[in-house]
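# Residue-level structure breakdown
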2 protein chains.
Amino acid sequence: MKQIDLMKELHVPSDKKILMLVLDGLGGLPDEKGLTELEAARTPNMDKLCKESICGLSIPVAVGVTPGSGPGHLGLFGYDPLEYQIGRGVLEALGIGLVLTPDSLAARGNFCTLDPATGVITDRRAGRIPTEKCTELVNKLRAITLKGVKITLEPVKDYRFALILEGEGLDEGLSETDPQKTGLKPLKVEPLHSGAKKSAELLNAWIEKAFAVLKDEKPANGCTLRGIAKDPGLPSYKQVYGLKSCAIATYPMYKGLARLVGMDVLDAGETLASEVKTLKDSWAKYDFFFFHVKKTDSAGEDGNFEAKVKVIEETDALIPEIMALRPDVVLITGDHSTPSALKSHSWHELPVLLYANNIRKDAVQEFGERACMAGGLGHIRHVDLMPLVMAHADKLTKYGA
Amino acid sequence: MKQIDLMKELHVPSDKKILMLVLDGLGGLPDEKGLTELEAARTPNMDKLCKESICGLSIPVAVGVTPGSGPGHLGLFGYDPLEYQIGRGVLEALGIGLVLTPDSLAARGNFCTLDPATGVITDRRAGRIPTEKCTELVNKLRAITLKGVKITLEPVKDYRFALILEGEGLDEGLSETDPQKTGLKPLKVEPLHSGAKKSAELLNAWIEKAFAVLKDEKPANGCTLRGIAKDPGLPSYKQVYGLKSCAIATYPMYKGLARLVGMDVLDAGETLASEVKTLKDSWAKYDFFFFHVKKTDSAGEDGNFEAKVKVIEETDALIPEIMALRPDVVLITGDHSTPSALKSHSWHELPVLLYANNIRKDAVQEFGERACMAGGLGHIRHVDLMPLVMAHADKLTKYGA
């Protein structure tokens, strides 16, 4: 039996409340002093919580695999990221705050440069035009209409934009139009199964009209579509866990990911302080809170060790206020590692802290990567964290007699 | 390749003997002094064995999942409890010592109260009639006969009874008759596939006759059938492991579970002392011994920390006598945790001790939950214990050339 089905079968109500605190890109690597960002940070509150908790290290997707934000969070939410996949078009749309319905088909668009004489691509990114230019072109493309379909078009960044078609009978399973190298013409969208034929026709019609609109632009006189996909239709948190859940996050991507699993997305402002205020204000209304801290990841991506340390310390300072709400179960971890030393996401395991009443405490005394190596949870997987959290919240009944 | 098939392929004979000592519900949680039942118990013999062993923590079914006795033991026996499932009717029958054959169909029966005028259920448990009343009613129902089928009927406890039909062509895949709430009539048994049609007809015929017999009873003038199932037909210990195996247990449920995998069930009396005597008397005849200690679980279920400590100490006191038989491989663990603090089964991992000649000893010096967190086995799963035991008994050959 699959874990998701097991959770659907076993979940029962309880009045306990669960807080999942996700510091994006939390995991790090040691600097020249031999300490990771989390180890270098002064985290008296997390360390205190540690003494009442069980700790460990968690593998986000699979050993050695570096996850994007989508798979990292799906794992945390208890959906095996190797089984449940989210198309790039969907992630691009979620990342800029677009809302998808079951009738939506989302694509990632790239402006490109075409040779006016031959029509072959001479620059796949149109000289990385600035976002302002991208916005200007997107505004022109908004004039395009297709019969029976609502079209949403938004600039993303530089040469990238998001395209959403919404209408009946649209399906995914479509090839991309970017030939992946210059000197070739953009491809047609091809349906990969018969059910996707209508979608292919509509997208090809849109592309033809777009090329006409862009014809005299320089350098972006063409575009390609990639990662054409639908909302994966994940079973909701309510269905899987019976939870009334909400997301407290400042960035569109994480709100979008939470929306995919049916969490209520709260207006949490733009700062850690406004996020905590939102948590307090909504405390009575939910039994599961996904609380997302973005800037640990941004600092890691910038290779800014000190900035990442600072965000961790700022988050630590909020713990007393959060614990004053008396959550019954608290999980603190990250979606993936983003070591400043690598300036990118990485495959390294995530330190995990699980606090609950009926916990089997281990000997870990401070929250850090190396301390967690000796933790009582051992090496766990992201997908196993939700069952563990549910168990500690008395929300799972016995399996079998 | 599935683990069971791998074991079937790789097992080879050796003259080594294996003892699996299962303290039911062994795993615990710390009391106010910070010690679990196992940690609080004086266990000089297990601690001594520990120094010659490798230890760890074992997940019975899946992370966060609390197992019933059935799944807990199936895991220990090396059968994935998420793949091999045992119906409630079968467990109910095994629990009172009934023996099932491949032709048996077992159901759990509940006496209930029906409104004489409308036939709807007014109490799904017939006011929880005492076991004596249940026995009296079962005796009346024994008069019912069905053509071509042998019927076995036994009281279980309070309003519960076990029903077994035995005959050719009976299959499982049947709906339950309990509508799950009062104010509704009992349902008919419906076949969930065409092969179960005959079974449904027979059970419905039995129910009709039973209602006639019970018509004038108060308050139990009706009954419902649930969890209608067959012996799951597990491959036997002989087939999977090539083992000549036996079970030494005092309670019917565990004898029944052992019988499901083809172990010889020995008459082991009612006490730990009689179990040890049985072990000694049968030592020459088998190469695998499943030795079950029940009362650790009962004490945990009662929330009686001290009583659970005492059973652990009593079991520890038997170790020298057991080790004098010179078993080659000894595994000590439990089927699931039953912390006194929770008064119920729980999802917590089980401490495991594996003793053998060719063991890679770890640094664990005493047998306890937290000591085992640092054990050399790390976090293992119940289903992986049998392959490990088989390997240490020189009973598995090389996989591949």
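Heads up: these notes are all about the structure in this document. Since the structure is predicted, the reported quantities are computational estimates derived from the model, not experimental observations.

### So, the pattern of salt bridges
Side-chain pairs of opposite charge can arise where the charged atoms are in close proximity. All chains considered together, the criterion is met by 42 salt bridges over all chains. The residue A:Lys133 makes a salt bridge to A:Glu136 at a minimum N-O spacing of 3.2 Å. With A:Lys133 and A:Glu136 both in helix α6 (residues 131-141) and 3 residues apart, this pair spans about one turn of that helix. Judged by relative accessible area, which is 37%, A:Glu136 ranks as partly exposed. In this structure, the salt-bridge partner of B:Arg370 is B:Glu39, at a minimum N-O distance of 2.7 Å. Taken together, the residues span a long stretch of sequence, with B:Arg370 in helix α13 (residues 369-373) and B:Glu39 in helix α2 (residues 37-40) at a distance of 331 residues. Since its relative accessible area comes to 34%, B:Arg370 is described here as partly exposed. Via salt bridges that share partners, A:Lys133, A:Glu136, A:Lys140 and A:Glu217 belong to a single interconnected network.

### Observations regarding the interface of chain B and chain A
Taken residue by residue, the interface counts 30 residues in chain B and 26 residues in chain A. Counting each side, the surface lost to burial between chain B and chain A is near 2,100 Å², with a carbon and sulfur contribution of 63%. Area buried by chain B at its contact with chain A is led by B:Val63, B:Trp347 and B:Met373, which between them contribute 28% of it. For the pair chain B and chain A, the interface holds 0 salt bridges. In this assembly, chain B and chain A are joined by 11 residue pairs in polar contact (both at pLDDT 80 or more). For the side of chain B that touches chain A, the secondary structure elements donating two or more residues are α4 (69-76), α5 (88-95) and α13 of chain B. Residues that form the side of chain B that touches chain A fall into these classes: 14 nonpolar, 12 polar and 4 charged.

### A short note on unusual backbone geometry
A cis amide bond links A:Lys218 with the next residue in sequence, A:Pro219, at an omega value of -5°. As for its placement among the helices and strands, A:Pro219 is situated in the loop between α7 (197-214) and β7 (222-229). Its identity is not glycine, yet B:Asp158 carries a phi of approximately 50°, on the positive side. Looking at where B:Asp158 falls in the secondary structure, it is placed in the loop between β5 (150-157) and β6 (160-166). For B:Asp158, a relative accessible area of 26% puts it in the partly exposed group.

### Focus on the relation of the copies chain B and chain A
Each copy of the sequence occupies a distinct position, and chain B is placed on chain A by a rotation of 123° and an axial shift of 0.1 Å, giving an RMSD of 0.2 Å. Both chain copies can therefore be described as sitting about a three-fold axis.

### A closer look at the nonpolar core
Ranked by internal contacts, the top residues of the largest apolar core, which has 104 residues, are A:Tyr79, A:Tyr237 and B:Ile332. With 7 residues, the single largest contributor to this core is helix α12 (residues 305-323) of chain B. Residues B:Tyr84, B:Met263, B:Leu354 and B:Ile359 belong to the second largest nonpolar core, which totals 52 residues.

### A look at the side chain of A:Ser340
Residue and element names in this part refer to chain A. By secondary structure assignment, the location of Ser-340 is in the loop between β11 (329-333) and β12 (350-356). Given the relative accessible area of 5%, Ser-340 is considered buried. Within the structure, the side chain of Ser-340 is placed 2.6 Å from the side chain of Glu-37, a separation counted as a polar contact. Not counting the four nearest positions on each side in its chain, Ser-340 is found in contact with Glu-37, Gly-300, Gly-303, Asn-304, Phe-305 and Lys-308.

### Some words on the environment of A:Phe289
Residues and elements named next belong to chain A. Turning to its location among the elements, Phe-289 is positioned in strand β10 (residues 288-293). For Phe-289, a relative accessible area of 0% corresponds to the buried category. A sequence separation of 46 residues divides Phe-289 from Leu-243, and the C-alpha atoms of the two residues are 9.8 Å apart.

About the criteria used
- Residues numbered from 1 in each chain as written.
- Chains lettered and ligands numbered in written order.
- Predicted model: local features only at pLDDT ≥ 70, side-chain atom pairs only at ≥ 80, totals over all residues.
- Heavy atoms only, no water.
- Salt bridge = Lys/Arg side-chain N within 4 Å of Asp/Glu carboxyl O.
- Helix = DSSP H or I, 4+ residues; strand = E, 2+ residues; numbered from the N terminus.
- Buried < 20%, exposed > 50% of the residue type's maximum accessible area, 1.4 Å probe, protein only.
- Contact = heavy atoms within 4.5 Å.
- Buried area = accessible area lost by both parts, 1.4 Å probe.
- Polar contact = N/O pair within 3.5 Å; in protein donor to acceptor, adjacent residues only side chain to side chain.
- Nonpolar A, V, L, I, M, F, W, Y, C, P; charged D, E, K, R; others polar.
- Least-squares fit on C-alpha atoms with pLDDT ≥ 70 in both.
- Core = buried A, V, L, I, M, F, W, Y, C linked by side-chain atoms within 4.5 Å.

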